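Structure assessment
Residues per chain, in single letters:
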Amino acid sequence: MAPKLPISHFAPTILTYLLIFTASNLALNITDILSPYPNLSAFSALFSSTTAVAADISHRSSITLLAVPNSYLTSSSSADFTRRLSPSSLADLLRYHVLLQYFSGSDLRQIPPNGVLVTTLFQTTGRASSNFGSVNISRNPTTSTITIRSPAPYSPSNATVLSLIKTLPYNITILSVNSLLVPYGFDLMASDSRPPLGLNITKALIDGHNFNVAASMLSASGVVEEFEADEGGAGITLFVPTDSAFADLPNNVKLQSLPADKKAVVLKFHVLHSYYPLGSLESIVNPVQPTLATEDTGAGRFTLNISRVNGSVAIDTGIVQAAVTQTVFDQNPLAIFGVSRVLLPREIFGKESMVPSKQGNAVMGSAQPPDISLSPENSPGLGGPSSHLTSPPGLRQDITSGAGKIVSLKRSCCIVALFCIGLYVLV
């Protein structure tokens, strides 16, 4: 029998880093990912013909690609259509086939019959009218057929998912579809350039009247310029804690005392590298979302869990659960939302922040988002009114009285138990 080779304890660590490195690189090069599939060669050739889309995707770490097989793409009508497109229009058409959410097989099976709205890479360019740069994905509960179409009323463009070609967990999924998808109102001669939004994020926060601490931290750290640059290329969503959220931090969490590099990571942890209007956040299918901090540190780290709880958008970091409290700014490709708590990443703070906050007895790690109702979701601009979410009156009092009743019940149980023990000893 051949002797068993010793297994180094470094092997699992090395393998983990290799997998993360491979996943990150696979997500950046679509043509490499498609190369093992000959029946997708024509679709891959379209991506090879333009470098603009590849540059956009290089910032992404969690996408779903809708690939059209050769038998559908090389039909006379599809081939003629793609030949007539200008290079910039072809790039936008391909962007429309890149969904800014990772869908696993189980995610697809959970899609509701009425569908979910999903942002595409085309939506982030600012060239899509209204929300028509997104797609609606629905599932027929009887046949399990998944259909993808433009959200525009009566749009003729739609496609059916044929199969799941490949999935690399939390990074990329490739679905084959039976037709090219064309955005509603698509301009065949559209220019690849768009006027800059000219947004000053710091000014937007100051105008919000409740984000002075966040505005100060962003300006002092210098990362706000990086955010604005990312916004100009691919779209971003900022979750900005209110001033009261900073005041309610636990005593042992000193954000201002963090080294500059860690402080920048915490700030990037509040940013998604995708434009999500409020409606998209509410209907998000894959709750685990990478942040700008994820892009700097590797897949699977510094992610946010986003879901709908009690009628509001809840954001869970693993040790803190916050709720979206208002829309500060929403103009494609940038969305800024106020949140009720500072989003503390577990990779930096661990369980140290599981202590009472300074302004109450609530434990941050177990805090639940209030039962809140939505008012109109979009603010018209920097000077317009923001959308607000309000907690129902008496919520905090109900929680406090409930906690008091539990303590009283525990005390009564202890007294009864001691009484019974005393009787047993006497007997």
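Structure: above.
These numbers come from a predicted model, not from an experiment.

Time to look at the nonpolar core. A general trend in soluble globular proteins is that nonpolar side chains are found buried together. Counting 67 residues, the largest nonpolar core has Ile30, Phe43, Phe47, Ile137 and Phe239 as the members making the most contacts within it. Setting aside residues no more than four positions away along its own chain, isoleucine 137 makes contact with Leu99, Phe103, Ile111, Gly115, Val116, Val118, Ile146, Thr147 and Ile148. Val240, Leu258, Ile336 and Val342 belong to the second largest nonpolar core, which has 34 residues in total.

What follows concerns the pattern of salt bridges. Scanning the entire structure with this criterion turns up two salt bridges. Where arginine 95 meets aspartate 92, a salt bridge forms, and the shortest distance between an N and an O atom there is 2.7 Å. On the criterion of helical spacing, the pair formed by arginine 95 and aspartate 92 is a turn pair, its members being three residues apart in helix α7 (residues 87–95). Comparing arginine 95 with aspartate 92, the two get one shared label, buried. The residue aspartate 248 makes a salt bridge to arginine 341 at a minimum N-O spacing of 3.7 Å. Of this pair, aspartate 248 sits in the loop between α12 (243–247) and α13 (260–268) while arginine 341 sits in the loop between β14 (334–339) and α16 (346–349), and the two are 93 residues apart along the sequence. Residue aspartate 248 shares its accessibility class with arginine 341, and that shared class is buried.

For helix α10 (residues 212–221), the complete set of buried residues consists of Ala214, Ala215, Met217 and Leu218. Across the axial projection of α10, the buried residues extend over an arc of 165 degrees, all falling on one side. Positive backbone phi, at 85 degrees, marks glycine 222, one or two positions downstream of α10.

Let us look at the packing of aromatic side chains. Under the counting rule described, the total for this entry stands at six aromatic pairs. The interplanar angle of 50 degrees and the centroid separation of 5.9 Å between the aromatic rings of tyrosine 102 and tyrosine 170 together place this pair among those described as tilted. On the criterion of sequence distance, the pair formed by tyrosine 102 in the loop between β2 (98–99) and α8 (105–109) and tyrosine 170 in the loop between β6 (158–168) and β7 (172–177) is long-range, its members being 68 residues apart. Among the residues examined, tyrosine 102 registers a relative accessible area of 4% and is labelled buried.

The next subject is the environment of leucine 108. With respect to the secondary-structure elements, leucine 108 resides in helix α8. The exposure class assigned to leucine 108 is buried, which follows from its relative accessible area of 8%. In the structure, leucine 108 is positioned 56 residues away from leucine 164 in sequence and 9.8 Å away in space, judged by C-alpha atoms. Beyond its immediate sequence surroundings of up to four residues, leucine 108 is in contact with Phe103, Arg139, Ile146, Leu164 and Leu175.

Definitions and cut-offs
Residue positions within a chain follow its written sequence, with the count starting from 1. The predicted origin of the model limits local features to residues at a pLDDT of at least 70 and limits the giving and counting of side-chain atom pairs to 80 or more, whereas totals for whole chains, interfaces and linings rest on all residues. Based on all heavy atoms of the structure, the side-chain values leave hydrogens and waters out of the count. In plain words, nonpolar cores are sets of buried Ala, Val, Leu, Ile, Met, Phe, Trp, Tyr and Cys residues tied together by side-chain atoms within 4.5 Å. Partly exposed residues are those whose accessible area sits between 20% and 50% of the maximum for their type, while under 20% is buried and over 50% is exposed, using a 1.4 Å probe and protein chains only. Note on contacts: a residue pair is in contact if any heavy atoms of the two residues lie within 4.5 Å. Criterion for a salt bridge: a side-chain nitrogen of Lys or Arg within 4 Å of a carboxyl oxygen of Asp or Glu. In this text, helices come from DSSP runs of H or I with a minimum length of four residues, and strands from runs of E with a minimum of two, each type numbered from the N-terminal end. By arc we mean the arc of the directions from the helix axis to the C-beta atoms, nothing more. For this analysis, a ring pair means two rings from Phe, Tyr or Trp (six-membered ring only for Trp) whose centres lie within 6.5 Å, classed as stacked if their planes differ by under 30 degrees, edge-to-face if by over 60, and tilted for the remaining angles.

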